[in-house]
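Breakdown of the fold
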Amino acid sequence: MNAIIQHSVLIVSGTQKGAAYVTELLSPREFAPMTTALSGGDARRLLLRRSYDLVVINTPLPDEFGHELAEYITEKFVSGVMVIAKAEIFDQVNDKMEPFGILTVQKPLSRPLFYQALHLLIATQNRWQRFDRENQKLRTKMEEVRIVARAKCILVEYLRMSEQQAHRYIEKQAMDMRTSKKDVAENILKTYT
């Protein structure tokens, strides 16, 4: 049997009653810790202190409607975001949220629909996190390539090596010193610049 993975959740609602309603829909076995914020400002402060796997925004909020907060979260964080809106304005809210990859559900919430939407959000979130990790690896690799290329240029300029000799020199130093080419390149840059 698979172990249940818990997801941290920030519930943002304009009222305690609304926050309690959303909390009741969430299983503490799957969703913990659950934190509540009663305004967009409170949510932003909490997000600066820690990250959450999921953020559920029960609109409207007292200091803003809630779509502004949802957009802010998708721009700054890797959290999955769900916006809950009244049926009469659902289409308008959904049209605003969809381009940002924000899931929108309408009130009143039914437990089965809410769970289905939440698990869809989790699946999407897992995929985005995997892409984010791959993207970070690529950024790290590109940075290493840039530093090594700069070090090779330094070796060509100051020690009159060919580009191929500089490349071999960096690789051999990395093997001999049992370190990365990036570390060797950084040492070369420190020495000659």
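What you see is a predicted model; the values in this text were computed from it and never measured. (Residues numbered from 1 in each chain as written. Predicted model: local features only at pLDDT ≥ 70, side-chain atom pairs only at ≥ 80, totals over all residues. Heavy atoms only, no water.)

A separate point is the packing of helix H5 (residues 111-159) against helix H7 (residues 181-192). Where H5 contacts H7, the two axes come as close as 8 Å, and the packing angle between them is 45°. Taken together, the axis directions place H5 and H7 in an arrangement best described as oblique. Relative to H7, H5 is oriented so that their crossing is left-handed. Contacts between H5 and H7 involve Glu144, Ile147, Val148, Arg150, Ala151, Ile154, Leu155, Tyr158 and Leu159 from the former and Lys181, Lys182, Ala185, Glu186, Ile188, Leu189 and Tyr192 from the latter. Of the residues in the contact of H5 with H7, the class split is eleven nonpolar, no polar and five charged. (Axes fitted to C-alpha atoms, helices over the stretch in contact; angles between N-to-C directions. Helix = DSSP H or I, 4+ residues; strand = E, 2+ residues; numbered from the N terminus. Parallel < 35°, antiparallel > 145°, perpendicular 65-115°, else oblique. Left-handed = near helix turned anticlockwise from the far one by under 90°. Contact = heavy atoms within 4.5 Å. Nonpolar A, V, L, I, M, F, W, Y, C, P; charged D, E, K, R; others polar.)

Relative to the assigned elements, serine 79 resides in the loop between helix H3 (67-76) and strand S4 (80-86). Residue class for serine 79 comes out buried when judged on its relative accessible area of 8%. Among the polar contacts made by the side chain of serine 79, one reaches the main-chain carbonyl oxygen of tyrosine 52 at a distance of 2.5 Å. (Buried < 20%, exposed > 50% of the residue type's maximum accessible area, 1.4 Å probe, protein only. Polar contact = N/O pair within 3.5 Å; in protein donor to acceptor, adjacent residues only side chain to side chain.)

On to the sheet that holds S4. Pairing in this open sheet of five strands is parallel, and the strands run S2-S1-S3-S4-S5 from one edge to the other. With partners counted over all chains shown, the strands left at the sheet margins are strand S2 (31-37) and strand S5 (103-107), one partner each. Strand-to-strand twist of the sheet, defined as the mean angle between neighbouring strand axes without regard to direction, takes the value 20°. Bridge count between S4 and S5: five bridges; the pairing is parallel. Pairing of isoleucine 84 across the sheet is with valine 105, part of S5. Sheet strands touched by helix H1 (residues 16-25): strand S1 (7-13), S2, strand S3 (54-58) and S4. Its angle to S1, the strand with the most contacts, is close to 150°. Packed on one face of the sheet, helix H4 (residues 90-97) meets S4 and S5 and runs near 170° to S5. (Pairing = 2+ DSSP bridges.)

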